[in-house]
Structure formats: structure tokens, C-alpha cells
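Read off the chains here:
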Amino acid sequence: MQPHVSRAFLSLALVLVAAAAWAEAQPPAAETGCLACHRDQPSAALATPARDFALTDVHRDRGFTCVDCHGGDPRATDKVAAKAPSTGFRGKPTGAAIIAVCARCHSDAALMRKYAPKQRIDQATEYATSVHGQQLAKGDTKVATCVSCHGAHGVRLVGDAQSPVYPLNVAATCTKCHADSERMKGYTRAGAALPTDQRVKYETSVHYRAMVDRNDLSAPTCNDCHGNHGAAPPGVDAIANVCGTCHSVFASKFALSTHSQIFDRGCVECHNNHDIAQPSDEMLGTAQGALCATCHSEGDNGHKAATSMRAGIDTLKTAIGHSEAELARVENDGIEMGAETLTLREANNHLTLARTEMHAFDPTIVESVLAEGMALTAKVDAAAEAGRREVSYRRTGLAISLAFIVLVVIALQMKIRTLENRS
Amino acid sequence: MTQQLYAWLDQRLDLSALQHFIAEKSVPVHKHRVWYYMGGITLFLVGVQVFTGILLLLYYRPSADEAFESVKFIVSQVEFGWLIRNIHSWSANLLIFMAFVHLFSTLFLRSYRKPRELTWVTGVLLLFVMMGFGFSGYLLPWNELAFFATKVGTGIAGAVPVVGDFTMRFLRGGDDVTGATLTRFYGLHVAILPAITTGILGVHLLLIQRQGMSVPPSVEKQEKSGATIPQMPFFPHYVLHDLMWWYVALGVLAALALFLPWEIGKKADAFAVVPPGIRPEWYFLAMFQVLKLLPAHIMGVEGEMLGVLGFGLAAMVLLFLPFLDRGAAEGRSSRLVTIGGVIALAYMLVFTIYGYLAA
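Note that the structure is predicted; figures quoted are calculated from it, not measured.

*Asks:* Describe the environment of Y354(B), and please don't skip the residues or the numbers.
*Replies:* Residue and element names in this part refer to chain B. By the element assignment, Y354 lies in helix α15 (residues 335–358). When the 15 C-beta atoms within 10 Å are taken as the criterion, Y354 is described as partly exposed. Each C-alpha atom of the pair Y354 and Q289 lies 7.9 Å from the other, and the pair is 65 residues apart in sequence.

*Asks:* Give a description of the interface of chain A and chain B that names residues and reports values.
*Replies:* One frequent convention defines the size of an interface as the accessible area lost when the parts assemble. Every contact between the two is made by 16 residues of chain A and, on the other side, 18 residues of chain B. A breakdown of the residues in the side of chain A that touches chain B according to their chemical character gives 8 nonpolar, 4 polar and 4 charged.

*Asks:* An account of helix α13 (residues 303–319) of chain B is needed here, citing residue identities and associated values.
*Replies:* Residue and element names in this part refer to chain B. In this model, α13 (17 residues) spans 24 Å end to end at C-alpha, consistent with the 24 Å of a helix rising 1.5 Å per residue. What α13 keeps buried is the set E304, G307 and V308. Along the axis of α13, the buried residues cluster in a sector spanning 95°; they form a single face. The exposed residues of α13 that point more than 90 degrees off its buried face are L313, M316 and V317. On the buried face of α13, the contacting elements are α7 (144–157), α12 (282–293) and β4 (301–302).

*Asks:* Please set out the environment of L256(B) residue by residue, giving values where relevant.
*Replies:* Residue position: L256(B) is located in helix α11 (residues 234–259). In sequence terms L256(B) and I87(B) are 169 residues apart; their C-alpha atoms lie 7.9 Å from each other.

*Asks:* So what about helix α18 (residues 248–256) of chain A? Which residues, and what values?
*Replies:* A turn of α-helix holds 3.6 residues, and therefore any two residues three or four places apart point the same way. Residue and element names in this part refer to chain A. What α18 keeps buried is the set F250, A251 and F254. Each buried residue of α18 lies within a common arc of 100° when the element is viewed along its axis, so the set occupies one face. In α18, the exposed residues that point more than 90 degrees away from the buried face are S248 and V249. The inward-facing, buried residues of α18 abut α17 (239–244), α19 (259–262) and α22 (338–357).

*Asks:* So what's going on with the packing of α12(B) against α15(B)? Which residues, and what values?
*Replies:* For any two helices packed against each other, the geometry is given by the interaxial angle and the distance between the axes. All names here are of chain B. Put simply, α12 and α15 touch, their axes get as near as 8 Å, and they point 85° apart. Considering the angle they form, α12 stands roughly perpendicular to α15. In contact with W282, L285, A286, F288, Q289 and V290 of α12, α15 contributes Y347, M348, F351, T352, Y354, G355 and A358. Of the residues contributing to the contact of α12 with α15, the split by class is 10 nonpolar, 3 polar and no charged.

*Asks:* Which residues make up unusual backbone geometry, and what values do they have?
*Replies:* Residues and elements named next belong to chain B. Backbone torsion omega between K114 and P115 reads 15°, so that peptide bond is classified as cis. Positionally, P115 belongs in the loop between α5 (81–108) and α6 (117–139). The peptide bond linking F235 to P236 adopts the cis configuration, its omega dihedral lying at 5°. As for its placement among the helices and strands, P236 is situated in helix α11. Even without being a glycine, W142 presents a positive backbone phi close to 55°.

Calculation criteria
- Residues numbered from 1 in each chain as written.
- Chains lettered and ligands numbered in written order.
- Predicted model: local features only at pLDDT ≥ 70, side-chain atom pairs only at ≥ 80, totals over all residues.
- Helix = DSSP H or I, 4+ residues; strand = E, 2+ residues; numbered from the N terminus.
- Buried ≥ 20, exposed ≤ 12 C-beta atoms within 10 Å, placed from the backbone.
- Contact = placed C-beta atoms within 7 Å.
- Nonpolar A, V, L, I, M, F, W, Y, C, P; charged D, E, K, R; others polar.
- Expected span 1.5 Å × (residues − 1).
- Arc of directions from axis to C-beta.
- Axes fitted to C-alpha atoms, helices over the stretch in contact; angles between N-to-C directions.
- Parallel < 35°, antiparallel > 145°, perpendicular 65-115°, else oblique.

No statement about biological role is implied by the geometric values presented.
Have a look at this one:
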């Protein structure tokens, strides 16, 4: 390479490095005249938004500034000039204005494609269908708007664990209002006051335990059943569909049952809504504590079906338990039972399947699944029995071998003594 | 016919000389002679390992995909496969145990003293080779516990200064424990170590036959003061004693194989979470436990490296003990050797138990 060409490359590289360093040294986009004044305001109401926005905000990170939501002229040094009507200053948007401000960008497909191409753009439309949106349209400004859930300044991405709408935080965010009995006063549903114990109940549910104890973020929280932007209680006819979003097999079985025509609240009739307990076999049947007996009385077909299905499930459960114990015993004695362990797992699958089929409330289907499960346990029991016979055979063999060994040892000892006496 | 065959062989192999040697050979009789049989039992267990090992070879498949399944097949489908596998596993452990008993009895009776230095050296080398058998054989069923224990074990080899990294990679056949390690350990277990054992064991047995049994210094003193040490003929007296002990060992092995079957465990999975209670075989446990307890750095030097060096030094002292304890040949029993032996024994006992309890 020629020396002058090298020098040119070197100069270019230096310019690029200097440009990168200069760009690095530039204040973030949010560093505007608004922030310069608001940050140092003695009033917390004026200073905190500026400080929060300067600290972290998904919009700030993408180059948006205060004026994009509030209007005004950030270059003006004078407060009056900065907020002059000619600058488009909007001040603090409230109520429907918040929806409009957010939707200006979030409903703009072309704009959103630049920043988050996969993000939906129908939040505002959905919001209008929600109870919140409908109430707002009626002039109720107490209801939640975008900022109530996402925050106004310091907005974080939904996937950020510190975001108020991160799955683990949703229940707390919703119940900020919904657990506040004072705030909820006056709101009714089907003529009754809206409850404020949803969170307390939810925290006892199997869904909450899955999410919090097992950190399963796919477990449902408020918005998974109620919707988020279009939040509303699922209608009576929609409950089975909502639950069926995840529990699809149960929903399809339930749809076949006569109960689907009779139950006013679908799945909720037996499983409750916010406080959904871990389902158990004890819920089925007619014994004390079983749910079927709530409606069915002795002699009716439902009573008979529930009793029969519960008895069948209990029988298979007991048979599996027995087979497990037998397998463990034989394996403990050194017999390899890997194939039988798999068969037993299959029997367990049949038990689960019977519990699923039960939601169609047709005893004949359940009985046929249970019969297959029982046949599998019988197979395992037969193998365990063969294993026990094998153990017994081995022990007999060992006893004979040991007897022979002891005899040889005694004979050798006698021979040694004879030899020693002789010498 | 038999006589004719004997005469035919005698002309070619000079069997009469061997017969004469055996007929003339005698073994001293004294109160410590029970320890003589420990070596015999160890030898018997080596034979059991060879026999059962060859049978296992017929069905075992040394690859990461098939090893575990083949062991499962051996214990569940092959006629008496369960017995052979259990005996092989138990015999391996009893073999190392008996080798230690043999070593400590030889040490305390000072049987290594002149002129049996080489018998001791070959014996200690055999113990190291047996431990190598144990280490390589542990991985062969390719189960979870063995997989992670081998990872830890080969990792410790990596702590050796200068050659550590090479040794670790050489043992593993790469950077990590994989199917390549299994194949390598298999080759080591069924070809390289047996070849080494054959050579060293041959020398060890030859030396014993050439030099005869050592008597403890206390008995030797009596002999020197004019007392006659009673002797028993090697054949058939001593051989029958040996045979009797071998039968006892066989009975113990059979009972252990049946009542305490060796577990197969879960198939090794490199991506699985390391199961709790990972530990090596019991004969490495005392060393493993010490390495675990050592601080990360001792006076600026890596603790594990110091530990490995310490064990290396101890192994060298053990190997060359006859040349370090020169007074033993003159009948001066070194108290240092006795104290060292007792400490080593106590250390092994305490730290092995501690290792089990800590896991």
C-alpha cells in the first residue's frame, strides 16, 4: 500500500472514531428544555415525571421527547413562550385525551413498524370495547386508561420484569383499583356491587401458585381471562371458551355434555373463577364434599353416573398404587422392571384421560378408558409376580450354592486338620 | 495313560523340577500367618474380575448411545447376566478392599524389607492399576452418577501442574466427558490395564515364589536366637488354606450380588442438572473429601493443585517405602512407619465415612 493511501485511511479512521466518540457524548434525546426546568421544580408533581422520564423510558430510549405527548417548544427559555398555544402545547392529557395521545402513534401502523413491527395497533379500538372504555365514553374519568396500567413516565416494555404489566405484576396493577373498595364504590355488575376480593381469591388459586411458586409465566393472570386493552368480565356464554383457551381438551369434552346446556356459568360452576383450587377426585361423586351431590340426589341418573365414575377412578388409582408398590419391591430385590415402569406410566395416563373424559359426564366413555388402565395394571402385576418368583428362584439358588460352599469349606478345614495332625 | 502323558510333558517341560520345587516349598507358621491369605484372596478376586469381565464383554456395547441400554439388557434379558454383572461390580470393590488390607498388613509386618523391595513396589503399582480399573469401569454403565463423577474426577487430574491440562484432555478424549471418553475408558479397562496387570502381576507372583513368604521381624528375631519356626508344606497344606479362603470369598460375593444388587441408575445426560450427592467410588472418597475441604488458595497457590501434589507425594513415599525405611532390613522397626501407617489408615477410615455423611 502507498504511504499516502495509508495516511488517508488512518485519517478516515480517526474521523470515524472521533465521530463515534462525539455521538456517544451527546445527551439522550430526552434531554430537552422541558427537562432542564422541570427536573428542579420544588413541586413533586412537576419534577417527578421529568426525573422518571430521564431515568428510564422505552419512548425516551427510542428518541421521543416530552413534546411528542405534551406539545410545547423545548427550545424556548421562557416558560410562557415554551407553552404558547402556537407551540401546540397540550399540558397534561387526561381521560380520553390520554387514549388519543397514545393512539396517535400506537394506532399508526406505518410509525409502529419502525419501532416495534410485531406490535398490535388496535389497542385503542379494543379499549373502546372494554368496560373501562365504555365508562370513559360515558364521562367516568375514574376508570383506567393507558397510563393507569403502563405508567406515564418511566414506561417499560411488557417483557421487563419491573413493568407493572409484566405477568407477575399484572394482578397487583389491576387490583390497585379493583381491590380499593372506596374507589370501586358505585360500580355494579348484574345489579350487585363489584367485588374487591379478586386478588385475595386469586392468590389462593392453582393459577397463582403455578405462576409465582413455579415461575410459570404462561399461567393465567387477570388479563389472560378478561383481556387487557379490551378488559371485561367474560360473558356467561364465553366462560367455557375462555377456560378452553388453555384447557382445550376439557372444554371440548364439556361442550359434549348436557351440563354445557344447563350450567349458567360453565366451568365456574364447579371450579370457581378467581379462587380456582387444585382439582381433585374428591370433587367428583356423591360422597360428602363432592360437588355432584350439590344438584343430584340419590336415584337420579346423574347421581348414579357420578358415583360410578368416582368409584371407577378410585379403583384404578388404588390398582396403580398397588402396582407401584409391587414394582418397587421387586426392583429393590434387583429385578430390572424398566418396561413395566413405562407400562405403569401408561396406566397413569389412562387415569388422567379418565379424569378428562369425565367432563363429558358420560360414564360409558370413562369406564372404557378405566378398563384399559386396569388391564395395564394387571399386566404390571403379572410381571411383578413373575419378578417375585425370579427373586425366590435366585434366593433358592443362592441357598443351594452357599450350602455347597459351606460344605466345601468344612471339608477343606477337615482335610487341613487331618494333614496337620499327620505332620 | 496319565503317566505316559506326564512323561511326555516332563520330557519337554521339565515338570519334575517344578514338582520338586512345589514339594520342597514350605510356608512359615506363626500367629500372623492369617495375613498371608489376604494376597491370595486378592488374586482370586482378580481371577473373578477377568472371568466375569470377559462374559460381560460379550454383550456390553461401548458407545454413549448403547452402553446404558446394553447394561440394562445384560441384567434383564441375558440368562444370569444380573449375577455376572453384580458379581463383577461387587468383586471390583472387594478386590480394592482386599488389596488395601494386603497392603497395610504387609506394611505393619514390614514384609517389604530387604530382599522383598521389588515385591512391594510391584504390589503398590498393582494397587494403583486396580484403582485405575475402578475409575475407568465406573463410567462404563454410562449412568448419571458415573458421568458426573468422572467429570469431577478427570477435572481433578487437570489440577496437576504442567501436565494437568494435557492429562485431563487425554483422559476425556476432548474438552469434556463425552462418548469419546467412554470409548477411551473402555479401551483402558479391557485392554491397556489388563495388559499392564498381567506384566506386573506376573513379576509380583514370580518374586513371591522365588523369595518365599516373609516372616515378621518379631518371628525373625526368635529364629535368629535359635528358635525353630514351624513350617507347613506349600502343597497341599497352604494351597488348601488358600482354597478355603477363596470359597469363603465366593460365598460372600454371591450373597452380596443377590441381596445388594448394584444399581443401574439413570442414563447419563450431559444437559441434565448435576444430581445431588455426586461422589466417586469409596476408595477415592477420602482424597476427594480432602480436595473439597481445601481452601481455593493456600499461600497464593491453588489449593486443589497443592492437594493433588500432596497425594502424588504420598503415593511416591508409599511406592518407595522399602528404600526409605532402610532400618527394617536390620530388624529395626521404624516407629515412624508404624505411626504413618496408623495415621493413613485412620485418615482413610474417617474421611471415607465423612465423605459418605457429607454427601
